[in-house]
Structures are given as structure tokens and as C-alpha cells.
There are 2 protein chains.
Amino acid sequence: MSDVLSVVTERATKQQDGPESPRSVGWTRSRRVRLADKQNPLPLDCGRTIAPVDVEYELYGKLNEERDNAILIVHALSGDAHVAGWAADAEELGRPWLKTRPGWWDTMVGPGKAFDTEKYCVICSNILGGCYGTTGPASIDPETNRPYGLRFPVVTVGDWVRLQERLVSYLGIQRLLAVAGGSLGGQQALEWALAFPDRVDSVIICAAAARLSDQGLAFNAVGRHAIMTDPNYRQGDYYDGSTPDQGVAIARMLAHITYLSEVAMNRKFGRRFCNGEGPGFHLGVDFEVEGYLRHQGKAFAERFDANSYLYITRAMDYYDAAAWGGGDIDQACQRIKSRLLLVSFSSDWLYRPEQTKELAQALYRNRKLASYVNIDSSYGHDAFLLETDKLSYLVRCFLEGGEEQ
Amino acid sequence: MSDVLSVVTERATKQQDGPESPRSVGWTRSRRVRLADKQNPLPLDCGRTIAPVDVEYELYGKLNEERDNAILIVHALSGDAHVAGWAADAEELGRPWLKTRPGWWDTMVGPGKAFDTEKYCVICSNILGGCYGTTGPASIDPETNRPYGLRFPVVTVGDWVRLQERLVSYLGIQRLLAVAGGSLGGQQALEWALAFPDRVDSVIICAAAARLSDQGLAFNAVGRHAIMTDPNYRQGDYYDGSTPDQGVAIARMLAHITYLSEVAMNRKFGRRFCNGEGPGFHLGVDFEVEGYLRHQGKAFAERFDANSYLYITRAMDYYDAAAWGGGDIDQACQRIKSRLLLVSFSSDWLYRPEQTKELAQALYRNRKLASYVNIDSSYGHDAFLLETDKLSYLVRCFLEGGEEQ
């Protein structure tokens with residue numbers, strides 16, 4: 001959901017591990033592989049199939065001989081495969097923003113870190129429908145030789161996970177040691193436990209739940225509406241001209257509010273005026289919080305494809321883990337065989353702690369090996385990217401607990 | 001803030017008092033008066049003055065001979081002077097929506113109701129900058145003979161209250177028995193106690209606080225941004241052509257989410273699909289909550305002026321009661337002489353109970369005659385329009401308590 005840009009102020013206060021640091025995975029290069037083609041298209045939940053499908057992914061650490069030390073990390077709404085280290089290929093990928101900061105969970109992934117690349121082989125891939133290297137609405141539709149736009153099929157979290165399973169198989173991995181993610185990544189981790197119970201030992205779900213609330217659906221709907229009513233949107237066929245940046249910016253500004261807690265916003269902005277004094281008596285940017293949001297929206301519109309935003313939020317809307325139990329979350333959880341760690345953050349109001357707890361309780365009722373922790377944090381939903389000291393401790397204990405079994 | 005349209009579903013379940021009901025003020029007609037002209041313009045907080053200023057207001061009940069039974073009710077963001085009864089002049093005012101429902105606080109104002117029109121003379125006027133009869137950005141600027149648009153001065157809650165004071169004086173009332181309002185109306189009630197301590201006996205502040213939070217500022221900022229980037233907005237000069245309805249609809253959809261609690265939304269929509277079955281695998285309206293919001297946005301854009309929305313939300317942003325104490329709310333409260341009733345609603349997250357409580361505590365520290373009640377409600381911010389049984393009880397006790405003194 002959140003991304004590095006959105007929390008750049010807080011992260012700047014944390015020590016960053018430069019590319020030469022012994023705690024960094026260092027310079028990284030992304031990889032690409034075709035995982036579906038005409039002969040072997042990817043079947044989708046919507047009933048259609050898609051081919052070709054190329055996937056961008058990154059790998060850190062070494063796969064051991066037994067191929068049993070692989071951890072798949074799954075990203076949130078606006079994330080990418082670049083989870084750790086410094087992108088040596090930022091320029092050739094056309095993503096200059098990657099040059100100024102490490103991967104989005106760099107504090108969690110690296111030598112000696114919670115996802116210890118000295119011990120584990122860490123994999124992360126961009127999701128289907130995204131705009132960072134994996135096939136998405138901006139890719140060329142082989143039927144028209146033009147970008148898909150709205151001809152791209154509606155994809156689901158289930159589709160993403162099935163594509164990730166193809167990647168894992170391609171890498172020769174039968175069984176993952178763990179799948180981990182936050183926010184929409186947490187929903188993917190949960191889906192792994194449900195869809196492939198025999199292929200994953202442990203699952204780590206942060207700042208997520210069995211489904212999004214109606215309030216979350218509502219925020220996504222307003223964001224999509226802003227994009228689709230932007231005159232530059234032109235039914236999604238904007239790739240040869242001006243892009244619907246205003247709509248994307250509005251969607252992002254709005255979503256950004258849901259990533260921060262009220263307390264964090266008050267602390268950060270305190271109703272301060274840009275001029276440091278008082279009301280400027282105009283309708284433009286007058287409070288600091290306005291300038292901040294404007295900047296977030298603009299920066300995001302420059303780096304994210306509008307159609308991908310629509311498709312990814314739709315997948316987030318549709319996800320409901322209870323579907324595996326015909327609408328009954330308890331029945332759905334029966335099929336799970338993995339150990340699970342569920343982590344919520346006290347001030348998160350997008351995926352509220354109570355929602356995560358409800359999922360934990362369904363797991364307990366099914367006598368699954370699940371641990372639920374609510375981390376006390378004022379950072380809101382973004383906490384899964386910021387409270388990485390506390391999160392690291394939990395993840396380390398959880399992964400080591402698995403080894404002891 | 002909220003309006004009747006937004007809660008029409010809930011209200012429909014309540015018994016409405018028709019125009020012939022003995023508990024209704026019956027058929028009403030609005031009045032208009034010029035309260036500022038070239039000779040006597042209205043001075044504004046921004047440093048400018050404005051003239052002419054016409055004010056639309058309504059009156060129910062009778063002013064007694066002592067002229068000491070008047071209660072001023074102040075409306076929220078999208079409200080109007082029509083607080084009770086049935087508008088006989090809906091057609092001539094060009095506001096057809098008034099024909100299908102009574103005034104926005106009809107459950108509170110009428111014979112035998114909390115604001116009992118058998119005992120009190122109830123006054124309600126439309127705010128400066130609004131679009132329901134009082135001078136606003138759509139009014140003719142005498143300097144250009146064209147609608148003001150963005151040439152309209154930025155107005156404040158303080159300006160509104162000073163204009164209301166002119167109305168009260170015009171009606172020959174030296175001292176108001178009470179001023180009452182919810183949301184942005186609550187901020188006006190508070191401002192009355194601060195600006196005119198000798199002119200009001202009692203003040204009733206619902207679902208409001210000393211100031212809006214940064215989160216509230218952020219939501220307002222996104223809404224305004226959506227309006228001002230709508231291509232039809234044309235720097236506010238849209239009165240002779242297409243209006244920025246898409247921007248207004250987005251602003252309203254977004255704001256509407258903040259008026260409902262998460263619990264109320266889940267209860268109302270429960271992630272149900274429009275087709276009653278499951279995902280339609282498209283990007284349009286698929287969940288009921290999406291259709292509902294789309295309807296709210298569209299209906300609001302048809303009845304509300306975009307510029308008024310900008311000016312009113314800006315006034316809401318700027319309001320800070322602590323300004324009366326040089327930024328210190330305790331010092332500000334010293335000047336208050338009225339009795340005060342403060343009411344918050346437990347699930348309101350736009351003006352949270354804690355914020356109302358903070359204001360109450362500042363009043364207590366100053367030994368003011370203040371009562372604070374947090375009503376347990378799942379309706380969110382809209383509760384001030386919906387929990388009128390509980391609110392009526394409190395208001396009645398409070399007003400009668402004043403009589404006994």
C-alpha cells in the first residue's frame with residue numbers, strides 16, 4: 001500500500017545502509033522471466049487467460065543445495081520487486097527515483113537483518129497488472145499491438161499468487177520457507193497459505209486482514225473515480241499522449257491520508273502554516289499538510305501508471321479470504337497448514353487491529369499455529385514500513401521458532 | 001457539515017412530521033434582508049470589507065415582548081436557513097430538493113420539540129459565502145457586474161458570526177437565549193460565546209471542537225484540489241457555462257466517508273455487491289458502497305456551488321478558538337460568560353470526542369458553566385443529525401436549567 005516516498009521524512013531520520021554497508025545487500029539488478037506464453041497462458045479468476053506474462057523479480061542471498069531456504073516477499077499497492085539494496089539498474093529501468101533510496105523494506109532484508117540474506121534466499125517480484133516490469137495495462141496487447149489499457153483483464157490477489165507460484169517453481173523451489181508482506185502484501189501472504197498450503201512453511205502477515213472494510217472500499221472507489229473522470233484518462237487509452245496525472249494525484253493524496261494516523265499527522269504538521277505565521281486568506285496551499293499532500297500526489301503521478309492503480313486497488317477490494325470457505329472464514333482457515341505470524345499496528349485505521357485479530361481468532365478456532373501481535377505504534381498503516389525494529393524482533397523469533405521444530 | 005441528503009436512508013426510517021403535523025412548524029417561507037451596504041460594509045478578518053450583503057433567514061415561533069426568547073441555530077457546511085418545517089417557497093427559490101423533506105434539524109425544532117417553537121423564537125440564517133440565499137461567490141460583484149467567483153473575499157467563522165450579530169440586532173434582539181449548532185455550526189456557536197460574551201446566555205456545541213485536526217485539514221485540501229483541477233472550474237469563472245461537477249462530486253464523496261463511522265458503513269453495506277452475488281470483474285461500480293457514494297456526489301454537485309464549497313471548507317480550516325487567547329485555548333476561554341453544553345458522539349472521527357473533551361477541560365479550568373456529554377453512537381459525525389432523541393433530552397435539560405437560574 002504505502003511506499004517509500006510516502007514516508008521519506010520519517011525514514012530520513014533512520015540510519016540508511018549505503019550500498020557498501022556490510023548490512024546492505026549492496027548493488028542490485030532486477031531480473032525478468034516469461035512465465036506464461038501462448039502455449040501455457042495464465043488462467044485468471046475472471047475466467048479469461050493472459051499471455052505472454054513477463055515477471056520482474058529480484059533475488060538476494062543464495063539458494064542452498066536443498067533449496068529449502070527461500071523466502072518470498074510480496075509488495076504492497078505501489079511497491080516493486082526492489083525490496084532491498086541499491087538499484088544499479090535504476091537508469092536503464094527508467095526509474096530514477098530508485099537512485100536516491102534503498103529498497104522499500106531495506107531495514108528488514110540484508111545480511112544480519114530479520115530476513116537475513118546470509119541464511120535465506122530472498123525473492124521479490126512485481127505483481128501482475130503493476131507498472132514496474134511485470135506485464136500490466138501498459139504492456140503491449142498481442143491482439144492489438146497496442147498497450148492493453150482497459151482491455152487488460154481484471155486481476156485478483158489469487159491471480160498474483162498463482163503467478164508467484166510459477167516463479168517459485170521456475171526457480172526450482174518446491175517449498176518456501178516463508179512468504180511475508182504488509183498491507184496488500186499481507187493479503188498475498190495469506191492467500192499463499194490458503195492456495196498453496198503444501199508449498200509454504202511459514203507466513204508473515206502485517207497490517208492486513210481477511211478483507212478490506214467498506215470504508216477502505218469507499219476510499220478506493222473515490223480514488224478510482226478521480227482517475228477515471230480526469231479528461232486525460234480517455235477510457236484508459238492515454239499512453240500516446242497526456243496522462244491523467246491530476247486524477248492519480250488526487251487518488252494518492254486521499255489514500256495517503258489513510259496511511260497515516262491522526263496522531264502522526266498532528267505531530268508532523270500541527271496545523272502549521274506554510275508562511276510560519278497565520279492564515280494567508282487564499283484558497284491555495286496555506287497549511288503545511290496541504291503542501292505535503294500536494295507533493296505526494298504529484299510525485300506519485302510521475303512514477304505510477306494510472307491504469308495499474310485502478311487494477312491493483314480493484315484486486316485489493318475483491319480480496320476476501322473467506323471465499324475459500326464459501327464465505328465462512330473459519331471454514332476457509334481449515335485448509336491452512338503453514339505457521340502464521342500476524343502483526344497489526346495499534347493506530348492503523350486502514351486495516352484495523354480488530355480486523356487482524358478477527359483473522360487470528362479464526363485461525364485459533366481451527367487450532368492453527370498462529371501468533372498474533374498488535375504493535376503499539378502511532379505511525380498508522382505506514383507502521384509496517386517504519387516500525388521495523390519491533391517487527392524485526394518478531395520476525396526473527398518467528399523464523400527461528402520454525403527452525404527448531 | 002453533513003446534510004439531509006447524506007443521511008436520507010437513516011432518516012427515512014424515522015417518523016417524519018408532515019407539514020400538517022402538530023409537531024411541525026408547518027409550511028415555511030424564507031426571508032431576506034440587506035445587512036451591509038456601501039455606507040455600512042461588513043469588515044472581514046482578511047482585512048477587506050464586503051457590500052452589499054444580503055442574508056437569507058427563517059424564523060419560527062414568536063419573539064416575546066421582552067425579546068428574550070430567541071434562539072439562533074447555525075448550520076453546517078452544506079446546510080441552509082431552512083432548519084425546520086416544509087419550504088413553501090422551494091420552487092421559487094429554485095431548490096426542488098426542499099420539496100421532498102423537512103428542514104435539516106426538523107427533529108429538533110418545532111412545537112413541543114427540544115427547541116420548542118411554542119416557547120422560543122428560532123432564527124436560522126445562511127452563512128456568508130454560501131449558495132442558499134446569502135451573498136456568496138455566485139452573487140454579483142458590484143465592481144464588475146459579474147459573479148464574484150474567486151474575487152469573493154476569503155471569509156471566516158468570525159465573519160459569519162459578526163454578520164449573524166447584525167441580523168440579531170436588526171431583529172431587535174439584544175441578547176440571545178441560546179446559539180446552537182453541530183459540526184461547522186458548533187464552531188459558530190463557540191465563536192458566538194467568544195466574540196459576543198454579553199449577547200448570548202447559553203451555547204450548544206455539537207460534534208465540534210476548538211479547531212479541526214490536521215487529518216480534517218487534509219481531507220478538505222484534497223476535496224478543494226479535486227474541484228480546482230476540474231477543467232470546468234476555470235479559475236472559478238464557470239457561472240456562464242459548464243460547472244465543475246466532477247470535482248465537486250469527488251470532494252463530496254470523500255467528505256461523505258468522513259461523516260460516517262466505519263461501523264455504520266459496514267452495517268449499511270457489508271461489502272455487498274450491486275448484483276447481489278459476487279465480483280463483476282470490472283472497474284466501474286461493483287460494490288453497493290461505490291454506487292451509494294457516486295449517487296451522493298452527483299446529487300450534491302447538482303445542488304451546491306463549487307466556489308461556496310471552497311470558501312466554506314477554508315473557513316472551517318482556519319477556525320481556531322485559541323486565537324482569542326493568542327494561541328492559548330485556556331486564555332481564550334476566559335472571556336466566555338455563557339453557559340455551555342458540549343456534545344460529542346463516540347464514533348465521530350471528524351471531530352473526535354477527545355477534541356470536544358479538550359475544549360470542555362479548558363472551560364472547566366476556567367470555572368465556566370460547561371457540561372460535556374459524549375453520546376454513545378455508531379453513526380459517526382452524522383450523529384448530530386441522527387441521534388436527535390438523545391440530543392433532544394440533553395438540550396431540553398440544558399435550556400430548562402438556564403431558566404431556573
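Residues numbered from 1 in each chain as written. Chains lettered and ligands numbered in written order. Predicted model: local features only at pLDDT ≥ 70, side-chain atom pairs only at ≥ 80, totals over all residues.

S.K.: What is the right way to read the overall build of chain A from this model?
M.R.: The helix and strand inventory of chain A stands at 13 helices and 16 strands. Its C-alpha atoms give chain A a radius of gyration of 20 Å, within 12% of the compact-globule value 22 Å for 405 residues. Per-residue burial over chain A gives 58% buried out of 405 residues. Taking all contacts inside chain A whose residues are at least 6 apart in sequence as the whole, residues at least 24 apart take part in 72%. (Helix = DSSP H or I, 4+ residues; strand = E, 2+ residues; numbered from the N terminus. Rg over C-alpha atoms; globule rule 2.2 N^0.38 Å. Buried ≥ 20, exposed ≤ 12 C-beta atoms within 10 Å, placed from the backbone. Contact = placed C-beta atoms within 7 Å.)

S.K.: Help me understand the interface of chain B and chain A, please; the structure alone is not making it clear to me.
M.R.: Frequently, the measure chosen for interface size is the accessible area removed from exposure when the parts meet. Each partner contributes residues to the interface: chain B has 38 residues there, and chain A has 38 residues. Contributions of two or more residues to the side of chain B that touches chain A are made by helix H4 (214-228), helix H5 (245-259), helix H6 (262-269), helix H7 (288-303) and helix H8 (306-318) of chain B. Broken down by element, the residue count for the side of chain B that touches chain A peaks at ten residues, all from H4(B). Considering only residue class, the side of chain B that touches chain A consists of 23 nonpolar, seven polar and eight charged. (Nonpolar A, V, L, I, M, F, W, Y, C, P; charged D, E, K, R; others polar.)

S.K.: What should I look at first to understand the confidence of the model for chain A in this one?
M.R.: Close inspection of predicted coordinates is inappropriate in any region flagged by low pLDDT. Averaged over all residues, the pLDDT of chain A is 95; the fraction at 70 or higher stands at 96%. Both scores are given for the predicted complex: the pTM is 0.95, the ipTM 0.94. (pLDDT = per-residue confidence, 0-100.)

S.K.: So what exactly am I meant to see when it comes to the relation of the copies chain B and chain A here?
M.R.: The relation between the two copies of this chain is a rotation about an axis and a shift parallel to it. Placing chain B over chain A gives an RMSD of 0.0 Å and needs a rotation angle of 180°, together with 0.0 Å of translation along the axis. Here the transformation between the copies is reduced to the relation of a two-fold axis. Residue by residue, 100% of the interface of chain B is reproduced at the interface of chain A, so both copies engage with the same surface. (Least-squares fit on C-alpha atoms with pLDDT ≥ 70 in both.)

S.K.: I'm lost on helix H10 (residues 353-365) of chain B in this one. Help?
M.R.: Residues and elements named next belong to chain B. For H10, spanning 13 residues, the distance from its first C-alpha to its last is 18 Å, which sits close to the expected 18 Å at 1.5 Å a residue. Where H10 is concerned, the buried positions are Pro353, Gln355, Thr356, Leu359, Ala360, Ala362 and Leu363. Of the surrounding elements, those touching the buried residues of H10 are helix H9 (329-333), strand E15 (339-345) and strand E16 (370-375). (Expected span 1.5 Å × (residues − 1).)

S.K.: Can you walk me through the sheet that holds strand E16 (residues 370-375) of chain A in this structure?
M.R.: In any sheet, the strands associate via hydrogen bonds between backbone groups, in a parallel or an antiparallel arrangement. All names here are of chain A. Pairing within the open sheet is mixed, and its eight strands lie in the order E2-E5-E10-E6-E13-E14-E15-E16. Each end of this open sheet is capped by a strand with a single partner; those strands are strand E2 (31-36) and E16. Averaged over neighbouring strand pairs, the angle between their axes works out to 20° when direction is ignored. Across the sheet, helix H3 (residues 157-170) touches E2, strand E5 (53-60), strand E6 (70-74), strand E10 (121-125) and strand E13 (176-182), and the angle it forms with E2 is around 110°. Helix H4 (residues 184-195) contacts E6, E13, strand E14 (200-206) and strand E15 (339-345) of the sheet and is inclined by roughly 155° relative to E14. (Pairing = 2+ DSSP bridges. Axes fitted to C-alpha atoms, helices over the stretch in contact; angles between N-to-C directions.)

S.K.: Which parts of the structure should I look at to understand the pairing of strand E6 (residues 70-74) of chain B?
M.R.: In regular strands, side chains alternate between the two faces of the sheet. All names here are of chain B. Of all the five residues making up E6, five are buried; the element is thus mostly covered by neighbouring parts of the structure. Neither face of E6 is left uncovered, since the one carrying Ala70, Leu72 and Val74 and the one carrying Ile71 and Ile73 both have all their residues buried. Inspection of the sheet shows E6 paired to strand E10 (residues 121-125) by four bridges, in the parallel sense. Each bridged residue has a counterpart across the sheet, and for leucine 72 the counterpart in E10 is isoleucine 123. Strand direction decides the pairing type here: E6 and strand E13 (residues 176-182), joined by four bridges, are parallel. What sits directly across from leucine 72, in E13, is valine 179.

S.K.: Please clarify how unusual backbone geometry should be interpreted in this entry.
M.R.: Note: most peptide bonds trans; most residues except glycine with negative phi. Residue A:Pro52 is reached from A:Ala51 by a cis peptide bond, and omega for that bond is -5°. Relative to the elements of secondary structure, A:Pro52 occurs in the loop between strand E4 (49-50) and E5. Within the chain, A:Arg234 stands out as a residue other than glycine whose phi angle is a positive 40°. Along the chain, A:Arg234 turns up in the loop between helix H5 (214-228) and helix H6 (245-259). A positive phi angle, close to 50°, is found at B:Ala207, a residue other than glycine. Within the fold, B:Ala207 resides in the loop between strand E14 (200-206) and H4.

S.K.: Would you explain the nonpolar core in this entry?
M.R.: A:Ile73, A:Val203, B:Ile73 and B:Val203 are the most contacted members of the largest nonpolar core, which totals 268 residues. Excluding residues that lie within four positions of it along the chain, A:Val203 makes contacts with A:Ala178, A:Val179, A:Ala189, A:Leu190, A:Trp192, A:Ala193, A:Ser338 and A:Leu340. (Core = buried A, V, L, I, M, F, W, Y, C linked by C-beta atoms within 7 Å.)

S.K.: Would you mind showing me how to read the environment of B:Leu385 here?
M.R.: Its location among the elements puts B:Leu385 in helix H11 (residues 383-386). A sequence separation of 169 residues divides B:Leu385 from B:Gly216, and the C-alpha atoms of the two residues are 19 Å apart.

S.K.: How do you make sense of the pairing of E13(A) when you look at a structure like this?
M.R.: Residues and elements named next belong to chain A. For E13, a buried count of six out of seven residues is recorded, marking the element as mostly surrounded by other parts of the structure. As judged from the six bridges shared by E13 and E14, these two strands associate in the parallel manner. Along E14, the bridge assignment pairs glycine 182 with cysteine 206. Taking the sense of rotation as the criterion, the β-α-β connection linking E13, H4 and E14 turns out right-handed. (Right-handed = clockwise from strand over helix to strand, strands pointing away.)

S.K.: I keep staring at the sheet that holds E16(B) and nothing clicks. Help me out?
M.R.: Residues and elements named next belong to chain B. On the basis of which strands lie adjacent, the open sheet formed by eight strands has the order E2-E5-E10-E6-E13-E14-E15-E16 and mixed pairing. The sheet terminates laterally at strand E2 (31-36) and E16, the two strands that pair on one side only. This sheet shows a mean twist of 20° between the axes of neighbouring strands, independent of strand direction. Alignment of E14 against E15, held across five bridges, turns out to be parallel. From the neighbouring strand, isoleucine 204 faces E15, where its bridge partner is leucine 341.

S.K.: What is the right way to look at the packing of H3(A) against H4(A) in this model?
M.R.: Angle between the axes and distance between the axes are the two parameters that describe a pair of packed helices. All names here are of chain A. Interaxial distance between H3 and H4 falls to 9 Å at its minimum, and their mutual angle equals 70°. What the angle tells us is that H3 and H4 run roughly perpendicular. Here H3 and H4 pass one another in a crossing that is right-handed. Counted together, Val157, Gly158, Trp160 and Val161 of H3 and Gln187, Gln188, Glu191, Trp192 and Ala195 of H4 form the full contact between these two elements. Partitioning the contact of H3 with H4 into residue classes produces five nonpolar, three polar and one charged. (Parallel < 35°, antiparallel > 145°, perpendicular 65-115°, else oblique. Left-handed = near helix turned anticlockwise from the far one by under 90°.)

S.K.: Before we go on, may I ask you to explain the environment of B:Thr313 in this structure?
M.R.: Residues and elements named next belong to chain B. As for its placement among the helices and strands, threonine 313 is situated in helix H8. Taking the C-alpha atoms as reference points, threonine 313 and leucine 217, separated by 96 residues in sequence, lie 8.8 Å from one another. Among residues more than four places away in sequence, those in contact with threonine 313 are Asn220, Gly223 and Arg224.

S.K.: Sorry, what's going on with the packing of H5(A) against helix H9 (residues 306-318) of chain A here?
M.R.: Residue and element names in this part refer to chain A. Across the interface, H5 lies against H9 with an axial gap of 10 Å and an inter-helix angle of 160°. Classified by the angle between their axes, H5 and H9 sit roughly antiparallel to one another. Crossing of H5 against H9: the hand is left-handed. Residues Leu217, Asn220, Gly223, Arg224 and Ile227 of H5 form the contact with H9, whose participating residues are Ala306, Tyr309, Leu310, Thr313, Met316 and Asp317. Here the contact of H5 with H9 is composed, by residue class, of six nonpolar, three polar and two charged.

S.K.: I would appreciate a short explanation of the environment of B:Ala251 in the present structure.
M.R.: Residues and elements named next belong to chain B. Topologically, alanine 251 is positioned in helix H5. A C-alpha to C-alpha distance of 7.7 Å links alanine 251 and glycine 297, two positions 46 residues apart in sequence. Not counting the four nearest positions on each side in its chain, alanine 251 is found in contact with Gly223, Arg224, Ala226, Ile227 and Tyr309.

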